[in-house]
Amino acid sequence: MMIHIPNVLTAAEVARCREVMEKAAWVDGRVTAGHQSAQVKFNLQLPEAAAEARELSDMVHDALGLSSLFMSAVLPKQVFPPLFNRYDAGMTFGAHVDNAIRVGNGARVRTDVSSTLFISGPEDYDGGELVVQDTYGEHTVKLPAGDMIVYPATSLHNVTPITRGSRIASFFWTQSMIRDESKRSLLFDMDMAIIKLGRDHPDHASNVELTAVYHNLLRQWAEL
Ligand code: NI
């Protein structure tokens, strides 16, 4: 299940990211790559410990807390502090699966869900599509600045080569309270249906019943 979450960052927050990043010192992205992915990864990253990265990472983290769609889709237990990468012309990231466990910045998470938050807009670069493979085939993603895609971290994925401009994004992983992707997906679908029912038929008795079922399933399945 891939979910597009619009407007995670405001235009002002995106502008602040770009302003900080223009002055930042970028390093080879292979610093956070595993053995297999290091062989196909050609991009730049902000060093995790740099003051600029911390400021922007906190900004993204706070924005996630305000996104009801992110909360519903991911049911986060712990978010790994968001990182930032940049692909200039000629850079690319070949097919890989993200490492199962991430340790750093005081966090240790099992990577259940991967997220990419676009800081550059589609007009800023050519190429640079995120391509995610799942059982239904390949999905190609390129979103407006401030928008985010979330997808199961079990998915094979790649970033196609940049042919013009620069593509800047924030990326991070989340350990979900619901480890099983199919259960997480069911809960999300149910939550969305309950919201629609409440909006269209606010007085219907099933609002209470279905909300109870949602919470009782969450209670059965959640790992805290
Ligand atoms: Ni990846």
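A brief structural summary. Remember, predicted model here, so these are calculated numbers, not experimental data.

What counts as what
- Residues numbered from 1 in each chain as written.
- Predicted model: local features only at pLDDT ≥ 70, side-chain atom pairs only at ≥ 80, totals over all residues.
- Heavy atoms only, no water.
- Helix = DSSP H or I, 4+ residues; strand = E, 2+ residues; numbered from the N terminus.
- Rg over C-alpha atoms; globule rule 2.2 N^0.38 Å.
- Contact = heavy atoms within 4.5 Å.
- Lys, Arg positive; Asp, Glu negative; His and termini not counted.
- Charge placed at Lys NZ, Arg CZ, Asp CG, Glu CD.
- Salt bridge = Lys/Arg side-chain N within 4 Å of Asp/Glu carboxyl O.
- Buried < 20%, exposed > 50% of the residue type's maximum accessible area, 1.4 Å probe, protein only.
- Phe/Tyr/Trp six-rings, centres within 6.5 Å; stacked < 30°, edge-to-face > 60°.
- Core = buried A, V, L, I, M, F, W, Y, C linked by side-chain atoms within 4.5 Å.
- Pairing = 2+ DSSP bridges.

Scanning the chain from terminus to terminus reveals 6 helices and 17 strands. For the chain, whose C-alpha radius of gyration is 18 Å, the value lies close to the compact-globule estimate of 17 Å for 224 residues. On the principal axes, the C-alpha backbone points of the chain span a range of 55 × 35 × 35 Å. Counting only contacts in the chain whose residues sit at least 6 apart along the sequence, the fraction spanning at least 24 positions is 78%. Side chains of the chain give 20 positive and 27 negative charges; the mean places of these two sets differ by 5 Å.

The next subject is the pattern of salt bridges. Overall, the coordinates contain 10 salt bridges when judged by the stated rule. Notably, a salt bridge pairs Arg 16 with Glu 19, separated by 3.0 Å at the nearest N-O pair. Linking Arg 16 with Glu 19, this pair stays in helix 1 (residues 11-23), spanning 3 residues, or about one helical turn. The exposure class of Arg 16 is partly exposed, given its relative accessible area of 31%. For Glu 19, a relative accessible area of 39% puts it in the partly exposed group.

Our focus in this paragraph is the packing of aromatic side chains. By the definition in use, this model includes 3 aromatic pairs. Geometrically, the ring pair formed by Phe 171 and Trp 173 is edge-to-face, given 5.7 Å between the ring centres and 90° between the ring planes. One aromatic cluster is present, built from ring pairs that chain together Phe 80, Phe 171 and Trp 173.

We now examine the nonpolar core. Membership of the largest hydrophobic core comes to 45 residues, with the highest contact counts inside it found for Phe 70 and Met 148. When residues in this core are grouped by element, the largest group, 6 residues, is from helix 3 (residues 51-65). Counting residues in each nonpolar core, the second largest holds 8 residues, with Leu 75, Ile 178, Leu 187 and Ile 194 among its members.

Here 5 bridges tie strand 12 (residues 130-134) to strand 13 (residues 137-141), and the two strands are oriented antiparallel to one another. If you follow Gln 133 over to strand 13, its bridge partner there is Glu 138. Linkage of strand 12 to strand 13, two consecutive antiparallel strands, is achieved through a turn of 2 residues.

Attention shifts here to the sheet that holds strand 13. The 5 strands lie next to each other as 3-7-15-12-13, forming an open sheet whose pairing is antiparallel. Only two strands of the sheet have a single partner each, and these edge strands are strand 3 (41-42) and strand 13.

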